[in-house]
Amino acid sequence: MKQKREFAEEKVEEEEMEEINEEIEKLEENVEDEEMDTEDVEPKPEAKIGENGLNKDRELFKVLGKQEMKNLEALKVTSSWVQHATTFSATIDSSTSQSLSKIDIPDFLTVPDTISTWFPVQYSVLPALFKDIQAPPPLRPRDVAIAAPTGSGKTICYVLPVLAAVGSRPSNSLHAVILVPVQTLVTQIVEEFRRWNGPEGTAKVVSLSGANDFDKEQRQLSADPPNVIVATPARLVQHLTAQIPPPIDLSKLRFLIVDEADRMGKLMREEWLDLVEFLCGGMERVACLNDVIRQRRAPQKIVLSATLSKDVEELHLWNLFKPKLFSATATKAKDITSTVPMDHISGRLALPSSISHRLIVSDSKFHPLAVYQQIQRNKFNRTLIFVNEVSSSNRLAHVLKELSQGEFEVDYFTAQLFGKRRYKMLEKFNKNPNRVLICSDVLARGTDLNRVDCVINYNLPADDKLFVHRAGRTGRAGQEGYVISVGDKETKRLFVKMLKVTNLWGDTVEEQMEEYLFEKDLERYTKAIESLKTIVSTNTKTKNGSAAKRSGFEAKRKSRPNARGEKPWLKKKTTTTE
Ligand SMILES: Nc1ncnc2c1ncn2[C@@H]1O[C@H](COP(=O)(O)OP(=O)(O)OP(=O)(O)O)[C@@H](O)[C@H]1O
């Protein structure tokens, strides 16, 4: 019985297969007919025969009908406000700087001795912002985006307007919040406020970041409400959510400023911007007259960066109100929408013209020696060396110390450094000559160190923006600066391609360093490597033995009694029972 059923099923399958084959033959005949029709309409191009003797066209997907498939051109969408930017010169020299008398600043502000002229970005932005403060517009002032090269003086563009808005007799309300991506920048910007705020310091400026103790910050915010807060987003949100109501009242905010805006990442809206805008109020979309009136309360947003993204989605994230763009380009706005596939608004001039770049290509085993020879040959006074891994920072530091034999001091600075030790390290670098500081990218953006002669990319930067920001630690305020990138035949290829695609290659000089150039220092170099190997092997033994030492704030926190007053780190004394 079962066999019969199987046999019947097979029979049905055969009949179905025959029907399907007839269908396919009919289809093929139709297709051939179609081909026949087009035959007399236009001469059929020579059929390309592939190796296997088949018609090449048939090997690809057959497009039915007559339309030709063609690649559509990628649409370049640039916001209209990016197209109609207020532009100014990217170069800083006597011809592009303006005298201080050209801009009236409030008399209660003290001009630091180092400031004698206004840089192009300041001369372009400050009058517009001062005007909005002296004569507030009926609705709310337009938000501002500033795209200018590194070291061009963008910080002052918001420090002065904020201090002008606070006024000479400040009330107890919070006028401005400035957000920056890393805590080293928080301290630097508070210092810039102090420079202009005068010795008695009319405006109360506080810093909120991982460098300070959270509880201490919270007590200070409640006891003495500040006029200006400079913070990292994470620490600000921590204060805004730690207690209800939060000790920070954002409802009367005049400025919401984000420096190094493109570094805040695509998740910033979810992480902190929604919460801050909600607490500021007035950011809702306008649906009725009441909204228009309520919108007057919204703070004026100012976003800044040397590589402000041109990406419409990213710019849209900021929810800017009728934004006004100030952008550094040597020529008019055509640079901004340049055909170069770059996502910087500041166009091809993202690198200050006072910076020269050299690419050293050598075998990777000689890279520490190549770095030493470049520092020694050019007699750089202060050198910043960027590495990608923490491990290579202390190894490179050891080899350079061995090679330099006291010619210059070598330190290294990474995110592992906590609390005050970071600022002591930077202060030591700023105050002393003949320094080499090896650091990770925590110092790549915004950090304003004193007269860095040379930036060395010991490990090449991952993308063009990072290259621009690392290079921008030198050649600041129009001074001369040198950038040296170190690579080997493999890594050089991708690096050169990246810089050429984004028009940052400019007049870079490429130098091949062959093995014979290293012979004169080879003996010392070998000794340095040997001593490094012994240190690394002893370190690995101690690491297996005991936990690595912590430094600074982290170490102090470890040696503090817990809530119950116990000291868990002390070994419990075992009492003998006999
Ligand atoms: N008008 C000026 N005259 C002289 N020096 C100035 C002037 N404006 C700014 N500077 C100095 O130029 C240096 C760079 O300024 P600032 O840090 O504001 O640049 P930036 O554009 O913010 O750089 P980055 O993009 O790296 O953050 C600082 O040391 C600052 O003191």
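Residues numbered from 1 in each chain as written. Predicted model: local features only at pLDDT ≥ 70, side-chain atom pairs only at ≥ 80, totals over all residues. Heavy atoms only, no water.

1. Details of the UniProt feature "domain: Helicase C-terminal" (unreviewed entry) in the protein
Using the following cut-off: UniProt positions are given in the numbering used here, feature names are shortened, and annotations may be inferred rather than shown by experiment. In this text, helices come from DSSP runs of H or I with a minimum length of four residues, and strands from runs of E with a minimum of two, each type numbered from the N-terminal end.
UniProt annotation of "domain: Helicase C-terminal" (unreviewed entry) refers to residues 354–517 when read in the numbering used here. A distance of 29 Å separates the end C-alpha atoms of residues 354–517, which is 37% helix and 23% strand.

2. Let's talk about the sheet that holds strand 5 (residues 176–179)
Note the threshold: In short, DSSP must find at least two bridges between two strands for them to pair. Interaxial angle, 0 to 180 degrees, is taken between N-to-C directions of lines fitted to C-alpha atoms, where a helix line uses only the stretch in contact. The criterion used for residue contact is that any of the two residues' heavy atoms lie within 4.5 Å.
Read across the sheet, 8 strands follow the order 1-10-4-9-8-5-7-6 without closing on themselves; strand pairing throughout is parallel. Where the open sheet ends on each side, the last strands, each with one partner, are strand 1 (86–88) and strand 6 (205–208). In this sheet, adjacent strand axes meet at a mean angle of 15 degrees when their direction is disregarded. Pairing of strand 4 (residues 144–147) with strand 10 (residues 324–328), which is carried by 4 bridges, proceeds in the parallel orientation. Its bridge partner lying in strand 10, Ala145 is registered against Leu325. Sheet strands in contact with helix 4 (residues 120–134) are strand 1, strand 4, strand 8 (255–258), strand 9 (300–305) and strand 10, and its direction is about 145 degrees off that of strand 1.

3. Re the pairing of strand 8
On a regular strand, each side chain points to the face opposite its neighbour's, so the side chains alternate between the two faces of the sheet. Using the following cut-off: Accessibility here uses a 1.4 Å probe with only protein chains present; expressed as a share of the type maximum, an area under 20% marks a residue as buried, one over 50% as exposed, and anything in between as partly exposed.
Going residue by residue along strand 8, you find Phe255 and Ile257 tucked away on one face and Leu256 and Val258 tucked away on the opposite face as well. As paired elements, strand 5 and strand 8 share 4 bridges and run parallel to each other. Paired with Ile178 across the two strands is Ile257, which belongs to strand 8. Examined bridge by bridge, strand 8 and strand 9 share 4 bridges and lie parallel to one another. Across the sheet, the residue bridging to Val258 is Val303, located in strand 9.

4. Concerning the site of the ligand
Stated formally: Note on terminology: near, applied to a residue and a molecule or strand, indicates that one of the residue's heavy atoms is within 4 Å of it. Identification of polar contacts relies on pairs of N or O atoms within 3.5 Å, with a donor-acceptor requirement for protein atoms, meaning one able to donate a hydrogen and the other able to accept it, and with residues adjacent in sequence counted only if both atoms are side-chain atoms. In this description, accessible areas are obtained by the Shrake-Rupley approach with a 1.4 Å probe, and a residue is regarded as covered only by the protein chains that are shown. Charged residues are taken to be Asp, Glu, Lys and Arg, nonpolar residues to be Ala, Val, Leu, Ile, Met, Phe, Trp, Tyr, Cys and Pro, and polar residues to be all remaining types, Gly included.
Not every one of the 20 residues close to the ligand is listed here, only the nearest: Thr117, Gln122, Lys154, Thr155 and Asp448. Lys154 is positioned with one of its side-chain polar atoms (N or O) 2.7 Å from an oxygen atom of the ligand. For the ligand, the accessible surface in isolation is 640 Å², of which the surrounding protein chains cover 90%. Tallied by class, the residues present in the shell around the ligand amount to 5 nonpolar, 9 polar and 6 charged.

5. Some thoughts on the pattern of salt bridges
For the record, the criterion: Salt bridge criterion: a side-chain nitrogen from Lys or Arg within 4 Å of a carboxyl oxygen from Asp or Glu.
Within this structure, the stated rule accounts for 25 salt bridges. A salt bridge links Arg269 to Asp274, with the nearest nitrogen and oxygen atoms 2.6 Å apart. The exposure class of Arg269 is buried, given its relative accessible area of 15%. By relative accessible area, Asp274 is classed as partly exposed at 41%. Its salt-bridge partner being Lys520, residue Asp521 comes within 3.2 Å of it at the nearest N-O pair. Given a relative accessible area of 6%, Asp521 falls into the buried group. Exposure remark for Lys520: the relative accessible area of 62% places this residue in the exposed category. Here the salt bridges share partners, and the residues they tie into one network are Glu260, Asp262, Arg445 and Lys465.

6. Some words on the environment of Lys567
In this fold, Lys567 is placed in the segment after helix 18 (552–558). With relative accessibility at 44%, the residue Lys567 sits in the partly exposed group. Expressed as a C-alpha distance, the spacing of Lys567 and Val82, which sit 485 residues apart in the sequence, is 58 Å.

7. Structural notes on the packing of aromatic side chains
Defined as follows: Side-chain rings of Phe, Tyr and Trp (the six-membered ring for Trp) are treated as a pair once their centres are within 6.5 Å; stacked means planes under 30 degrees apart, edge-to-face means over 60, and tilted covers the remaining angles. The criterion for a charge sitting over a ring is simple: Lys NZ or Arg CZ within 6 Å of the ring centre, and within 35 degrees of the ring normal.
Applying the stated criterion to the full structure yields 7 aromatic pairs. Centre to centre, the rings of Phe366 and Tyr525 are 6.5 Å apart; their planes meet at 40 degrees, and the pair counts as tilted. With Phe366 in the loop between strand 11 (355–361) and helix 12 (367–378) and Tyr525 in helix 17 (residues 522–545), the pair connects residues that are 159 residues apart, well separated along the chain. Here Phe366 and Tyr525 have matching classes, each one buried. Geometrically, the ring pair formed by Phe467 and Phe495 is edge-to-face, given 5.9 Å between the ring centres and 70 degrees between the ring planes. Note that Phe467 is positioned in helix 15 (residues 464–471) and Phe495 in helix 16 (residues 489–501), a separation of 28 residues in sequence. Judged by relative accessible area, which is 3%, Phe495 ranks as buried. Ring pairing ties together the aromatic residues Phe366, Phe518 and Tyr525, which thus form one cluster. The ring of Phe255 carries Arg254 above its face, with NZ or CZ at 4.4 Å from the centroid.

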